[in-house]
Structures are given as structure tokens and as C-alpha cells.
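What follows is each chain in one-letter form.
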Amino acid sequence: MDYVKSKSFTLAHGILVLLVAIMMIAAACSLSGCLGSPSDEDAIRAKLTSELDSIKNLDDSFVNEFSESINMSQLSVYGIDGVAFMKSYLDGFDYAIDSIAVDGDRATAQITITCKSYTGYQGALQNAVTDITANPDEIAALSSDEINQRIGEIVIGSLDGVELAATEPVTITYTKVDGQWEPASSTSGDIAAALMTN
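(A) Up close: unusual backbone geometry. Even without being a glycine, Leu58 presents a positive backbone phi close to 55 degrees. Phi at Asp178 takes a positive value of approximately 50 degrees, unusual for a residue other than glycine. You can see Asp178 is positioned in the loop between strand 4 (170-177) and strand 5 (180-183).

Set out below in C-alpha cells:
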């Protein structure tokens, strides 16, 4: 009888040790991701979040690239630094990933962006120009360089007070290439268009 009890205790102890070991392995796997690779949706979401966070955090490389892509250097004649302008314009940028739909090796993600209203900026700029041109004698007394400087001040001043507004939803198309999800080449242009039309 004692032998049976001893064997039962040993078996119960062994099962307990095995269960603890299984739980520890499961916990380690869940932390390290060894229970499987992320789903396609999760992979796309992670990639998209990384890209959009670079805008939200005003990452220098993104701001420089975006500034160059829309030729912000032309503002330098007005004493405006294109990169500084874009950082001011993108101040307050945020986004929401509304949906991700995967169909085989193709997928679409829909996002909504919030940033300074471009329409609001244009309106504020027009109002500022109207105010300054209401006094032609003041402008007539300025040199060309001074006029350009004044224009620069109007542009930056108009941007500072613009409120945030949501864009229309933007759809980004992805294709799976060699196991990696790649956005369509038009993505940067689509996002830039959304930023300039809200």
C-alpha cells in the first residue's frame, strides 16, 4: 500500500513538474513569439504604424524627403526654410488605421489622417494677403527683398494658427513580395495629396 502511495505521489509530483515546465515554455514562447509568426494583418499594421509614426514624430529623414518631393526649396526666396515649414505644418499630425483587408498576396489598408487643414491655411493666407494689400503705400515703400521677407512672414504667420482637420480616408495597397508586405509606389503621393487637400 505504501508502495502504491509512493508511486502515486511520485506520479502526481512528476505531472505537476511537467505542467509547470509546459507553462514556463508557453510563457517564454508567447514573449519571444515562438508560437508562430505574426499574421499578415499584424505585419501590415506594424509596417504602416512604423511609417506613420515617422511622420507623427517629425522624423528628420521623412520631413527632408517630403519637403524635397514637393519642392519646398522654392520658399527660400521668401526667407522660409522648407523643412521648418513642413515641421510646422505637420505639428499635431495623427492617424488612425481604420481597416486592413488581406486577400492572398494583396491587401488594402484604409487610414484617416489628422493634420493642419490645408484649406484653412489657404484661407488664412488669403486673409493675410488681403490685409497687407489694403495698404498699398506700405508695400510701395519696401524693396523687393523686404517684400519677399514680408511675404515669408505672412506665410508662416498664416500657418501657425491653422486648426487640425481630418482628411478623407486614404487607401493603401500592399503586395506580398518574398514574404514581405510592400506598399504600392503611389503611397507617398497618396498621403501627400491627402495632407494637401483637407
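(B) Main features of the nonpolar core. Among the nonpolar cores identified, the biggest contains 35 residues, and Phe85, Phe93 and Leu195 are the most heavily contacted of them. Elements supplying a minimum of two residues to this core: helix 2 (40-56), helix 3 (60-69), helix 4 (82-90), strand 1 (94-103), strand 2 (106-116), helix 7 (144-160), strand 4 and helix 8 (187-195). Looking at this core element by element, the count peaks at 5 residues for strand 2. Aside from chain neighbours lying at most four places away, what touches Phe93 is Leu52, Ile55, Lys56, Ile113, Thr114, Cys115 and Leu195.

(C) Helix 2, seen in detail. Between its terminal C-alpha atoms helix 2 stretches 24 Å, which fits the 24 Å expected from 17 residues at 1.5 Å a residue. Within the sequence span of helix 2, burial applies to Ile44, Leu48, Leu52, Ser54 and Ile55. Buried residues in helix 2, looked at end-on, bunch into an arc of 145 degrees, giving them a common side.

(D) Molecular detail of the packing of aromatic side chains. Counted by the stated rule, this structure contains 3 aromatic pairs. Relative to Tyr121, the ring of Phe85 lies with its centre 6.0 Å away and its plane at 70 degrees, an arrangement referred to as edge-to-face. Of this pair, Phe85 sits in helix 4 while Tyr121 sits in helix 5 (residues 118-133); the two residues are 36 residues apart in sequence, bridging distant segments of the chain. Accessibility assignment for this pair places Phe85 and Tyr121 in one class, buried. Overall, the relative accessible area of 7% leaves Tyr121 in the buried class.

The rules behind these values
- Residues numbered from 1 in each chain as written.
- Predicted model: local features only at pLDDT ≥ 70, side-chain atom pairs only at ≥ 80, totals over all residues.
- Heavy atoms only, no water.
- Helix = DSSP H or I, 4+ residues; strand = E, 2+ residues; numbered from the N terminus.
- Core = buried A, V, L, I, M, F, W, Y, C linked by side-chain atoms within 4.5 Å.
- Buried < 20%, exposed > 50% of the residue type's maximum accessible area, 1.4 Å probe, protein only.
- Contact = heavy atoms within 4.5 Å.
- Expected span 1.5 Å × (residues − 1).
- Arc of directions from axis to C-beta.
- Phe/Tyr/Trp six-rings, centres within 6.5 Å; stacked < 30°, edge-to-face > 60°.

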